[in-house]
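What the coordinates show
One-letter residues, chain by chain:
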Amino acid sequence: MPARFFPADPARLHLVLMLMLTFSTGVIDAVGYLGLDRVFTANMTGNVVILGMALMGGDNLPVLGPVVALAGFMAGALVAGRTLRIIKSGWTHRTTGLLAGVGAVMAVVAVALLSGVTPRNNEPLTVAITGALAIAMGVQAATARHLNVKDVSTVVVTSTITGLAADSRLGAGTHPFWGRRLAAVGLIMAGAALGTVLLQIHIGLGVLMTALITLFVAAVGWNAVTRQEAVAPAPAAEPASQLTKGA
């Protein structure tokens, strides 16, 4: 793993990795909205809005897809939260395992799509793919939340844009973390643009891109935590006098 290309400081490394996942979120949401009947598999705010309009008969909007995506996303987040509940914030082997699982699910879906599985005009298949991707993105989002990288949630940028404007020189004037906020907004937009381009070639390419990015992030994080464990000082041995007293 080319560790020299990534920051040695854990906080900076986590920021870089979360920004990469933010980019991949833009890719998968473009695939979901444009290729899976106007459904977001990562941005649940969009699904809630679509569902509200659809329930009122707005422009033949889908109902089942957003409901499945919401349920799947919450299920994935629940699994990640349960897995990480006793683990302190930061990267651990459980974090690696969860993100590797996300990448594996994405890879399986991508291979199926690239092998000829076509969700268009096949509602059960579209819903199944939507559910699988939403579960994976729920796990990813909850894992990113556990890492607690300020202003980078990987799946939503509304609060990021709010902070960027409210804390700017024309607003509160404090402008903390403006660089990462701007990067998060730009990367999710760039990811959506790339996802749209890939979708014009094949629906599976965007999913494959997301899988590769997620697996790469998991591998870099695993490598970093493994190196930290290797250089961590061993626990001090108990003095011989205390051992004698306890005998």
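First, a word on what this report is: a plain description of the structure on this page.

Conventions used here
- Residues numbered from 1 in each chain as written.
- Predicted model: local features only at pLDDT ≥ 70, side-chain atom pairs only at ≥ 80, totals over all residues.
- Heavy atoms only, no water.
- Helix = DSSP H or I, 4+ residues; strand = E, 2+ residues; numbered from the N terminus.
- Buried < 20%, exposed > 50% of the residue type's maximum accessible area, 1.4 Å probe, protein only.
- Contact = heavy atoms within 4.5 Å.
- Phe/Tyr/Trp six-rings, centres within 6.5 Å; stacked < 30°, edge-to-face > 60°.
- Core = buried A, V, L, I, M, F, W, Y, C linked by side-chain atoms within 4.5 Å.

Regarding the overall build of the protein chain
Counting its regular elements, the protein chain contains 9 helices and 0 strands. Expressed as a percentage of the 247 residues in the protein chain, the buried residues total 43%. Of the contacts formed within the protein chain by residues at least 6 apart in sequence, a portion of 71% connects residues at least 24 apart.

Quick notes on the packing of aromatic side chains
Remark: the centre distance and the inter-plane angle together describe each pair of aromatic rings, the angle taken between the planes. Counting across every chain of the model gives 1 aromatic pair. Measuring from centroid to centroid gives 5.1 Å for Y33 and F40, while their planes differ by 25°, and the two rings are stacked.

Observations concerning the nonpolar core
Core analysis: the biggest nonpolar cluster contains 31 residues, and I28, M106, L133, M137 and V207 have the highest contact counts within it. Only α1 (10-35), α2 (44-55), α3 (64-84), α4 (93-114), α5 (123-147) and α8 (203-231) provide two or more residues apiece to this core. Once residues lying within four places of it in the same chain are set aside, the contact partners of M106 are I28, L133, A136, M137, V207, T210 and A211. Residues L17, L21, W91 and A218 belong to the second largest nonpolar core, which totals 21 residues.

Details of unusual backbone geometry
A positive phi is found at R38, a non-glycine position, where the angle reads about 55°. Looking at the secondary structure, you find R38 in the loop between α1 and α2. Even without being a glycine, N148 presents a positive backbone phi close to 60°.

Let's talk about the environment of V197
Structurally, V197 is set in helix α7 (residues 178-201). Each C-alpha atom of the pair V197 and V31 lies 9.7 Å from the other, and the pair is 166 residues apart in sequence.

These figures capture arrangement, not role.
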